[in-house]
Amino acid sequence: MDPGSLAAFSNLTDDITVIIIVMLAAWVLGQFMKYRSGRKMAPDETAALERMSQTAQRMERRVAALERILDAEAPAWRATPHEDTMQQDGGNHGLTR
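Treat the numbers as computed from the prediction; the structure is a model and nothing was measured.

**Some points on the overall build of the chain**
What the chain contains, in helices and strands, is three helices and zero strands. Mapped in sequence order, the helices and strands of the chain form the string α-α-α. A total of 97 residues make up the chain; the buried ones form 0% of that total. Summing over all exposed atoms, the chain offers an accessible surface of approximately 9,000 Å²; the carbon and sulfur share of this is 64%.

**Regarding the confidence of the model for the chain**
Chain-level statistics for the chain give a pLDDT mean of 79 and a share of 70% at 70 or above. Ranking the helices and strands of the chain by mean pLDDT puts helix 2 (residues 43-73) first, with 93, and helix 3 (residues 83-88) last, with 55.

**Regarding the pattern of salt bridges**
Under the definition given, this model contains two salt bridges. Notably, a salt bridge pairs Glu67 with Arg78, separated by 3.8 Å at the nearest N-O pair. Here Glu67 is found in helix 2, whereas its partner Arg78 is found in the loop between helix 2 and helix 3, with eleven residues between them in sequence. Judged by its relative accessible area of 49%, Arg78 falls in the partly exposed class. Because the salt bridges share partners, they merge into one network encompassing Glu67, Asp71 and Arg78.

**So, a nonpolar patch on the surface**
On the surface, a nonpolar cluster with roughly 280 Å² of combined accessible area is contributed by Leu12, Ile16 and Ile20. Within the fold, Ile20 resides in helix 1 (residues 3-38). Ile20 sits in the exposed class, given a relative accessible area of 51%.

Reading guide: rules and limits
Residues numbered from 1 in each chain as written. Predicted model: local features only at pLDDT ≥ 70, side-chain atom pairs only at ≥ 80, totals over all residues. Heavy atoms only, no water. Helix = DSSP H or I, 4+ residues; strand = E, 2+ residues; numbered from the N terminus. Buried < 20%, exposed > 50% of the residue type's maximum accessible area, 1.4 Å probe, protein only. Areas by Shrake-Rupley, 256 points an atom, 1.4 Å probe, with all protein chains shown as cover. pLDDT = per-residue confidence, 0-100. Salt bridge = Lys/Arg side-chain N within 4 Å of Asp/Glu carboxyl O. Patch = residues over 30% accessible without salt bridge, like charges linked within 9 Å, V, L, I, M, F, W, Y side chains within 5 Å.

Here it is, written out as structure tokens:
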């Protein structure tokens with residue numbers, strides 16, 4: 001083989017390599033897009049998510065109500081305990097066991 005044909009073969013190899021890389025990248029991107037668009041929640045998953053959302057909303061309302069009661073009954077309940085108080089009660093924040 002003469003040097004001119006080796007150069008042509010090298011250029012052809014480079015071209016084929018680039019084409020394969022581009023095609024592989026396109027295939028990977030296509031598979032990713034297919035996976036993303038194909039993943040839908042099943043009806044039972046959707047229902048479970050809705051139940052959890054409703055439960056979380058009820059819990060938020062309950063916590064808000066408890067905070068209002070505590071604000072009225074013990075206005076200082078939100079205050080951060082001092083270190084000496086934490087050391088005296090073993091870090092229970094004034095709560096009894």
